[in-house]
Amino acid sequence: LFNGVYPFYPQQRKPFVFDVSTIIVVVVFLTFASTFLLIIPGIRGRARLYWTLRVLLSLLVGVVIVTVQFTGDWETGWVTANTSYKSFSHTMVNADIGLHIGLAGVNVTLRGNPVNQINETINYNEHFSWSFGANYDHSYSEGLERGLPSSILYVAEKFTTQSPCDVHRQYRISGHYASATLWVAFCTWLISNMLFSMPALVYGGYMLLVTGAFMIFSLLSFATVKNTLVCPIQFGTTILRTDYGGSFWLTLVIGLLCIVAGITVVALHFFNLDLLKTFFDLHDNKAEEHQEMTEVYVNPQIVNKEL
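For every chain, the first residue of its written sequence is number 1, and the numbers climb from 1 along that sequence. Totals for whole chains, interfaces and linings use all residues, but because this is a predicted model, local features are given only for residues with pLDDT of at least 70 and pairs of side-chain atoms are given and counted only at 80 or more. To get the side-chain values, all heavy atoms of the structure are used, and hydrogens and water are removed first.

Caption draft 1: Broad picture of the overall build of the protein. Only runs of H or I of at least four residues qualify as helices and only runs of E of at least two qualify as strands under DSSP, and these elements are numbered from the N terminus. The secondary structure content of the protein amounts to 10 helices and 7 strands. The cut-offs for exposure are 20% and 50% of the maximum accessible area for each residue type, with area from a 1.4 Å probe on protein chains only; residues under the lower value are buried, those over the upper are exposed, and the others partly exposed. Considering the protein as a whole, with its 307 residues, one finds that 41% of them fall into the buried category. Of the contacts made within the protein by residues no fewer than 6 positions apart, 66% connect residues no fewer than 24 positions apart. For the area figures, the Shrake-Rupley method with a 1.4 Å probe applies, and any residue is considered shielded solely by the protein chains shown. With an accessible surface of roughly 18000 Å², the protein has 63% of that area assigned to carbon and sulfur atoms. We call two residues in contact whenever any of their non-hydrogen atoms come within 4.5 Å of each other.

In structure tokens, the structure reads:
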């Protein structure tokens, strides 16, 4: 301390509101949805409803598969506690401390109650990445150099490779496998859409089942970290505990939706093919292809010459 001034702590960084990658993905899929809504008035009859349902559900599955790759709330936890604000200081602040674990790293949140305390705005959200090409320990070292609040550094230190908690490896590997299986699910989702447009309905249903299965596999991969012992993250007498977050449950819901939709398509193919063709707007076209000609006009001169 130099006359009450902290010389090693620069102006605190403002917390981000939205992740840029998530915004890009959502904007791309919203563009597709808006384009379809512009052309939907040109589809006549009940086919308009069927087309709208199919396209919007398909886009929903696609945007969820891609978006959850970049979200940070696969596992979350919050706690309210009195904690020290910065190192080499005995000043205590009352704050909400949040831990948000994603597939590519962790976010540690610190928000004061109230936000303005000790003549500062206490509102942080710091990301520490362990994705491919990123070094978690280096990110943690940069946080030390920037002079982040001690509570953020305390939580982030639990996930370093040198921590006695030894959870970095489990979370990193499970996150990588979950991400890989989700990208496979995205590929099978694309294949299912191509098969439905060919149309090869029953095979599109099979690929929907595969898509849902890989999404469930990603959840099982991430859930393996729950089998490991986690060091308690304690602030005084209060312990920060985490549980599955919104991205985990959203992936589960969409995966089950793909499985139910795939089973429905396959079952209709074998038990009620006409209803399935009607839903995919194929029944009328097939009827026209197989419609018998009621009148035939023959040129008698050509017939006589051939005879």
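Continuing now.
Caption draft 2: Broad picture of the environment of Gly77. Mapped onto the elements, Gly77 comes out in strand β1 (residues 75-84). Take Gly77: its relative accessible area is 5%, and that puts it in the buried class. Residues Gly77 and Tyr244 lie 167 residues apart in sequence; the distance between their C-alpha atoms is 8.7 Å. If sequence neighbours within four positions are ignored, Gly77 has contacts with Ile97, Gly98, Leu99, Leu240, Arg241 and Thr242.

Caption draft 3: Here's a closer look at helix α3 (residues 136-146). Restricting attention to buried positions, one finds in α3 the residues Tyr136, Ser139, Tyr140 and Gly143. Down the axis of α3, the buried set is contained in an arc of 100°. They therefore lie on one face. On its buried side, α3 packs onto β3 (105-117), β4 (120-129), α4 (150-157) and α5 (168-197). Looking at the residues trailing α3, positive phi occurs at Gly147, about 75°. The arc in question is the one traced by the directions running from the helix axis out to the C-beta atoms.

Caption draft 4: Summary view of the confidence of the model for the protein. A score from 0 to 100, pLDDT tells how confident the predictor is in each residue. The predicted model of the protein has a mean per-residue pLDDT of 82, with 84% of residues at 70 or higher. Note that pLDDT drops below 50 for residues 9-17; the model gives that stretch 18 contacts with residues more than four away or on any other chain. Across residues 285-293, where pLDDT falls below 50, the model places 1 contact with residues more than four positions away in sequence or in other chains.

Caption draft 5: Region of interest: the pattern of salt bridges. By salt bridge we mean one thing: a side-chain nitrogen of Lys or Arg within 4 Å of a carboxyl oxygen of Asp or Glu. For the structure on display, the rule yields 2 salt bridges. The partner of Glu120 in a salt bridge is Lys86, with the nearest N and O atoms 3.7 Å apart. One end of the pair, Glu120, is in strand β4; the other, Lys86, is in the loop between β1 and β2 (92-101), and 34 residues separate them in sequence. Taking the relative accessible area as the measure of exposure, Glu120 reaches 18% and is therefore buried. Put simply, Glu126 and Arg146 hold a salt bridge, and the shortest N to O gap is 2.7 Å. Highlighted residues: Glu126 in strand β4 and Arg146 in helix α3, separated in sequence by 20 residues. With relative accessibility at 4%, the residue Glu126 sits in the buried group.

Caption draft 6: Here's a closer look at the packing of helix α2 (residues 47-67) against helix α7 (residues 246-271). Axes, fitted as lines to C-alpha atoms, cover a helix only where it is in contact. Angles between the N-to-C directions of the axes lie from 0 to 180 degrees. Viewed as axis vectors pointing N to C, α2 and α7 meet at an angle of 140°, and their least axial separation amounts to 10 Å. When the axes of α2 and α7 are compared, the pair comes out oblique. Seen along the crossing, α2 lies across α7 with a hand that is left-handed. Across from Leu57, Leu60, Val61 and Val64 in α2, the residues of α7 making contact are Leu250, Ile254, Leu257 and Cys258. An angle below 35 degrees is treated as roughly parallel, one above 145 as roughly antiparallel, one from 65 to 115 as roughly perpendicular, and anything else as oblique. Note on convention: the crossing is left-handed when the near helix lies turned anticlockwise from the far helix by less than a right angle, right-handed when the turn is clockwise.

Caption draft 7: Representation of the layout of surface pockets in the model. By volume, the largest pocket is sized at about 920 Å³. Around the largest pocket sit 35 residues that line it, and Arg54, Val55, Ser58, Asn193 and Phe196 are the ones nearest its centre. Examining the composition of the lining of the largest pocket, we find that 9 residues originate from one element, α2, more than from any other. Think of it as three bins: nonpolar holds Ala, Val, Leu, Ile, Met, Phe, Trp, Tyr, Cys and Pro, charged holds Asp, Glu, Lys and Arg, and polar takes everything else, Gly as well. In the lining of the largest pocket, the residues fall into 28 nonpolar, 5 polar and 2 charged. Here a cavity denotes a set of grid points, spaced 1 Å apart and computed over the protein atoms alone, in which a 1.4 Å probe fits but from which it cannot get out, and a pocket denotes an open set meeting protein on both sides within 12 Å along at least five of seven lines; residues with an atom within 4 Å of a point are reported as lining. Grid points are joined across faces, edges and corners, and a volume is the space filled by probe spheres set on the points.

Caption draft 8: A look at the packing of aromatic side chains. Pairing of aromatic rings covers Phe, Tyr and Trp, the last counted by its six-membered ring, and requires centre-to-centre distances within 6.5 Å; plane angles under 30 degrees mean stacked, over 60 mean edge-to-face, and any other angle means tilted. The final tally for this structure, using the stated rule, is 20 aromatic pairs. On the numbers, 6.4 Å between centres and 45° between planes, the contact of Trp130 with Phe159 is tilted. Placement of the pair is Trp130 in the loop between β4 and α3 and Phe159 in the loop between α4 and α5, with a sequence separation of 29 residues. Overall, the relative accessible area of 1% leaves Trp130 in the buried class. Distance and angle both matter: a charge sits over a ring if NZ of Lys or CZ of Arg is within 6 Å of the ring centre and within 35 degrees of the ring normal. Above the face of the Trp51 ring, Arg54 is positioned so that its terminal group lies 4.5 Å from the ring centre.

Caption draft 9: Just the pairing of β2, in detail. Within β2, 8 of the 10 residues are buried, which leaves it mostly tucked inside the rest of the structure. Sheet topology places β1 next to β2; 10 bridges connect them, and they run antiparallel. For Trp78, the partnering residue across the bridge sits in β2 and is Gly98. The rule for pairing is simple: two strands pair if DSSP sees at least two bridges between them. One ladder, built from 7 bridges, connects β2 with β3; its direction is antiparallel.

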